[in-house]
Amino acid sequence: MNSPVDPTAFQVILVTNAAEQKMFLDVPIMVYAHDRNWVSPLRSDVAKKFDSSNPFFQYGRLQQFVAIREAKPIGRIVSAVNDRLVDREGKNIGIFGFFECVEDFEVAQALLSAASQWLREQGMTEVRGPIDLSTHNNCLFLVDGFDSPPMVMMPYNPAYYPKFLEQDGWHKAKDAYAYDFPLDKPLSPEFEKGYKIACKSGVNFRPLRTKGEGFEQDAIGLYNLFTKAFSDNWSSTPRTQSEFLDEAKSLQSLVDPDVFPIAEYNGEMIGFWMGLPDYNIPLKHVNGSLNWLGIIKFLWHRRQIDQGRVIAICSLPEFRRKMVPLALIYLGMSGGIQKGKPYRRAELSWVYEDNAASRKLIEASGGKIYKTYRMYEKTLV
């Protein structure tokens, strides 16, 4: 007589073939089946991260895991070693990412344990996450603000993910915030005044160019400025110019130049306000696939975009006294509310909790924290 099958039994396996990779990619479908706020990332974009053509493999290594119960995927995780992060921080710190799991702590614990063990075998003594290979990709867990969908290129997860990590002995490494900007109120006069001061100081402002050689030149300028201005960002690692340009080209058709002002001085890019329309609104309707039907749905629902995300406000330090940050905020906000524009609100995200200078400027312009995100760490013993 056969023994009855335990419906609670599951196993965590390495992803080693196409069938297991499909299960890995299928996990979110089960996790978010009844979550109206979830926006599926494009399945092809996630799969591309594990293709040998990903530049990550030039400076890192990874292992995918998937949890299976009754032949169905119920969880997944990736452990990775980013050698650039190890070199920068001067310690053997690994990362985990791409974490998704049904509401079952035992499954989550088994996934985290498998990822941690792999990192131990790679010589790592600490682990941080969630980070999908680098902080230039998806990272952080949402810990407060589950009542609305994420904006474009921002993380989202069930409320039980942070609880599972804390139950498993992980501790907070750092929080980050998303700020809400209603666009129904004008900025205070200080921002327009800052713009006028910057102009009188010899700073020129213009929209990002979005076509041809002009776009390529601006993308290179953005890369150089990013490298200068954000080189000290916590847990961040540098990108090569080719990596940055590949990402820029993938976003080229999505840019609204009216909410992407550039600041220049003597012909050199010295600041920018990086805004993007919230393309999560149409992406929510394509179910992770831009096949012919998905493209039709995307184009149809694109007309519903009425909000945007400000990804970064950047100015070289020596131009802050010339009021360049205030000027960029003035231009970016003014561009979003001009006649014919659909934007009714904006989000500025994300900003680390200890970035006092940026937070002060954002809050002075009317931004209010409405979502909180968290990075976790754990010592590997």
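Residues numbered from 1 in each chain as written. Predicted model: local features only at pLDDT ≥ 70, side-chain atom pairs only at ≥ 80, totals over all residues. Heavy atoms only, no water.

**Comments concerning empty space enclosed by the protein**
- The tally for this structure, following the rule as stated, stands at 1 cavity of 30 Å³ or more.
- Approximately 120 Å³ is the volume found for the largest cavity.
- Lining the largest cavity are 15 residues, with V259, G308, V310, Y343 and A346 sitting closest to its centre.
- Only β10 (268-277), β11 (307-315), α11 (324-337) and β12 (345-352) provide two or more residues apiece to the lining of the largest cavity.
- Ranked by the residues each element gives to the lining of the largest cavity, the list is headed by β10, at 4 residues.
- Taken together, the residues of the lining of the largest cavity break down into 9 nonpolar, 4 polar and 2 charged. (1 Å grid on protein atoms, 1.4 Å probe; cavity = no way out; pocket = protein on both sides within 12 Å on 5 of 7 lines; lining within 4 Å. Points joined across faces, edges and corners; volume = space filled by probe spheres on them. Helix = DSSP H or I, 4+ residues; strand = E, 2+ residues; numbered from the N terminus. Nonpolar A, V, L, I, M, F, W, Y, C, P; charged D, E, K, R; others polar.)

**Digging into the pattern of salt bridges**
- Within the structure shown, the criterion is met by 25 salt bridges.
- With its nearest N and O atoms 3.6 Å apart, the salt bridge here joins K172 to D175.
- D175 gets classed as buried once you look at its relative accessible area, which sits at 5%.
- Here R209 and D218 are joined by a salt bridge, their closest N and O atoms 2.9 Å apart.
- By relative accessible area, R209 is classed as partly exposed at 34%.
- Overlapping salt bridges bring together E166, K172, D175, E353 and R374 as one network. (Salt bridge = Lys/Arg side-chain N within 4 Å of Asp/Glu carboxyl O. Buried < 20%, exposed > 50% of the residue type's maximum accessible area, 1.4 Å probe, protein only.)

**With respect to unusual backbone geometry**
- Residue P130 follows G129 across a cis peptide bond; omega there is 5°.
- In this structure, P130 sits in the loop between β5 (126-129) and β6 (141-144).
- Each neighbour pair has its own omega, and for S349 with W350 the value is -10°, a cis peptide bond.
- As for its placement among the helices and strands, W350 is situated in strand β12.

**Concerning the nonpolar core**
- By size, the foremost hydrophobic cluster in this structure holds 63 residues, and its most contacted members are I77, F96, F99, L111 and Y161.
- The biggest single contributor to this core is helix α4 (residues 105-121), with 9 residues.
- When sequence neighbours within four positions are dropped, the list of residues in contact with I77 reads F24, Q63, Q64, F65, F96, G97, F98, F99, L111, L112 and A115.
- With 57 residues, the next largest nonpolar core counts A219, L254, V286 and L328 among its residues. (Core = buried A, V, L, I, M, F, W, Y, C linked by side-chain atoms within 4.5 Å. Contact = heavy atoms within 4.5 Å.)

**Observations concerning the side chain of N82**
- Summarising the element assignment, N82 is placed in strand β3 (residues 72-82).
- A polar atom in the side chain of N82 sits 3.0 Å from the backbone nitrogen of R84.
- What N82 contacts, discounting residues up to four positions off in sequence, is F56, Y59, I95, L133, S134 and T237. (Polar contact = N/O pair within 3.5 Å; in protein donor to acceptor, adjacent residues only side chain to side chain.)

**Digging into the environment of N54**
- Among the structural elements, N54 can be located in the loop between α2 (43-48) and β2 (60-69).
- Note on N54: relative accessible area 14%, which makes it buried.
- Put simply, N54 and D278 are 224 residues apart on the chain and 26 Å apart in space, counted from C-alpha to C-alpha.
- Of note is the side chain of N54, whose polar atom sits 2.8 Å from the backbone oxygen of K49.

**Quick notes on the side chain of Q307**
- Relative to the elements of secondary structure, Q307 occurs in strand β11.
- On the accessibility criterion, Q307 (10% relative accessible area) is buried.
- A distance of 2.8 Å separates a polar atom in the side chain of Q307 from a polar atom in the side chain of R345.
- Beyond its immediate chain neighbours, meaning those up to four positions away, Q307 contacts M151, P277, D278, I281, Y343, R344 and R345.

**With respect to the packing of helix α6 (residues 189-200) against α11**
- Contact pair α6 / α11: the axes reach a minimum separation of 7 Å and the direction vectors enclose 115°. Both α6 and α11 take part in a crossing whose hand is left-handed. Contact residues: α6 offers E190, F191, E192, G194, Y195 and A198, while α11 offers L326, A327, I329, Y330 and L331.
- Residues of the contact of α6 with α11, tallied by class, amount to 8 nonpolar, 1 polar and 2 charged. (Axes fitted to C-alpha atoms, helices over the stretch in contact; angles between N-to-C directions. Left-handed = near helix turned anticlockwise from the far one by under 90°.)

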